[in-house]
Amino acid sequence: MTTEFDLIARLRSLATHPAARGLNDDAAVLSIGGQELVVTHDMMVEGMHWLTGQDMADVAWKLVAVNLSDLAAKGAQPIGLVLGQMMGADDDRFLEGLAEALTAFEVPLLGGDTVGATTGPRALGLTALGKATHSPVPSRSGAQPGDGVFLVGTVGGAMMGYEALRDGTGGETAAYLRPQPLLAEGQALAPFVSAMMDVSDGLLLDASRIAYASTVTIDLDPSAVPLGAPESRRDDALRWGDDYALLLTARPGAKLPDFAWPIGKVLPRGKHALLLDGNPPADGKPLGYQH
Ligand SMILES: Nc1ncnc2c1ncn2[C@@H]1O[C@H](COP(=O)(O)OP(=O)(O)O)[C@@H](O)[C@H]1O
Ligand SMILES: Cc1ncc(C[n+]2csc(CCOP(=O)(O)OP(=O)(O)O)c2C)c(N)n1
Ligand SMILES: [Mg+2]
């Protein structure tokens, strides 16, 4: 079967419009009437993105939050959502969670499409539209040797929440069930960054994506990464994903807000796109989550 990586590589030859940013970014950026429209779409599938039996109010919240996180990473202000919904037994709870998210993030639902569920897992899609607050809109491709690498937020919290839910331990689940898109932080950072993305698929994999898109090497200090998990789970927390922190690079001396935490440096592109304390990551262990 084709992997996500291979399929996106093949889609790239079809997505040649400059707004598609070579399918190397969190969102498309369309210039319209002197303004920039930021467009993203993320899907969630039962069993893959949420556990069967979970409260659908949390699923609706997360569907909104993960899409707004892509807007946050581009410093964009949300202007509307378009929902692709597959109906199911607990649509009332889905609507309640959706209403909560629309209120919390002050974003209007503009439309969508509804289909009847057949057998098999449910899938949900959401398109988020945003307005850039800073031009140029931060990309994944602007990191330069000499830049610092920074994280806003923590990693590992969603992994801990997922495990608590799966194992019924009663542990903290909010980071997994109700992630918070860092919209205000992304907008505050946009003028100062050389590259920015959200870390949905795991910090190490997403850092390597900035490295590839920018043709640089990123050298991370794993011990400096702020965790939402116990220290004993640090290595897993760097790879699991679903955390929706912001990963960014900035020129030396850039006046970053103090919530941006230094976790590494950008080097000229060497043999490896990603280094951990100067060494290539161990072979055979995935850097992050890939479909
Ligand atoms: N089925 C698809 N059709 C067109 N573009 C896609 C498809 N799947 C992914 N992409 C694009 O590939 C790039 C990487 O996607 P992805 O890794 O899902 O980004 P993100 O983690 O920000 O959601 C993005 O530019 C996205 O728009
Ligand atoms: C039930 C369940 N199993 C496993 C995971 C782990 N997981 C699934 S998708 C994902 C990464 C993010 O999903 P993706 O569809 O790649 O989002 P995108 O990068 O497109 O924003 C992770 C960590 C999960 N969140 N829930
Ligand atoms: Mg995506």
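Everything numeric in this text was worked out from a predicted model, so none of it was measured.

Asker: Can you lay out the site of ligand 1 for me, pointing to particular residues and giving the numbers?
Answerer: In the vicinity of ligand 1, the contacting residues are Ile8, Leu11, Leu23, Asp25, Asp26, Asp42, Asp70, Arg140 and Ser200. One nitrogen or oxygen atom from the main chain of Asp25 is found 3.0 Å from an oxygen atom belonging to ligand 1.

Asker: Lay out the site of ligand 2 in plain terms, naming residues and giving numbers.
Answerer: Close to ligand 2 lie 16 residues; His49, Tyr176, Ser200, Asp201 and Asp242 are nearest. Take Asp201: an N or O atom from its side chain is 2.8 Å from an oxygen atom of ligand 2. One of the side-chain nitrogen or oxygen atoms of Asp242 is found 2.7 Å away from a nitrogen atom of ligand 2. Bound to the protein, ligand 2 loses 89% of the 590 Å² it would expose on its own. When residues of the shell around ligand 2 are sorted by domain, at least three fall in each of domain 1 (4-132) and domain 2 (148-276).

Asker: Now, about the side chain of Asp201: what can you tell me, with residues and values included?
Answerer: Of note, Asp201 is situated in the loop between β7 (195-198) and α7 (203-214). In terms of polar contacts, Asp201 uses its side chain to reach the side chain of Arg209, at 2.8 Å. Setting aside chain neighbours within four positions, we find Asp201 in contact with Asp206, Arg209, Arg239, Trp240, Gly241, Gly288 and Tyr289.

Asker: A description of the pairing of strand β4 (residues 109-115) should follow, citing residues and the corresponding values.
Answerer: With six bridges joining them, strand β3 (residues 76-86) and β4 adopt parallel strand pairing. Within β4, the position partnered with Met86 by the bridge is Val115. Considered for its hand, the β-α-β crossover made up of β3, helix α3 (residues 91-104) and β4 is right-handed.

Asker: Outline the UniProt feature "binding site: Mg(2+) 3" (unreviewed entry) in the protein chain, supporting the account with residue identities and numerical values.
Answerer: What UniProt calls "binding site: Mg(2+) 3" (unreviewed entry) maps, in this numbering, to Asp26, Asp70 and Asp198. Annotated residues spanning 173 residues; largest pairwise C-alpha distance 7.6 Å, indicating a single compact cluster. Along the polypeptide, Asp70 turns up in helix α2 (residues 56-73). A residue is classified by how much of its surface remains accessible, and Asp70, at 6% relative accessible area, is buried.

Basis of the calculations
- Residues numbered from 1 in each chain as written.
- Chains lettered and ligands numbered in written order.
- Predicted model: local features only at pLDDT ≥ 70, side-chain atom pairs only at ≥ 80, totals over all residues.
- Heavy atoms only, no water.
- Near = heavy atom within 4 Å.
- Polar contact = N/O pair within 3.5 Å; in protein donor to acceptor, adjacent residues only side chain to side chain.
- Areas by Shrake-Rupley, 256 points an atom, 1.4 Å probe, with all protein chains shown as cover.
- Domains from an automatic or database assignment.
- Helix = DSSP H or I, 4+ residues; strand = E, 2+ residues; numbered from the N terminus.
- Contact = heavy atoms within 4.5 Å.
- Pairing = 2+ DSSP bridges.
- Right-handed = clockwise from strand over helix to strand, strands pointing away.
- UniProt positions renumbered as here; feature names shortened; annotations may be inferred.
- Buried < 20%, exposed > 50% of the residue type's maximum accessible area, 1.4 Å probe, protein only.

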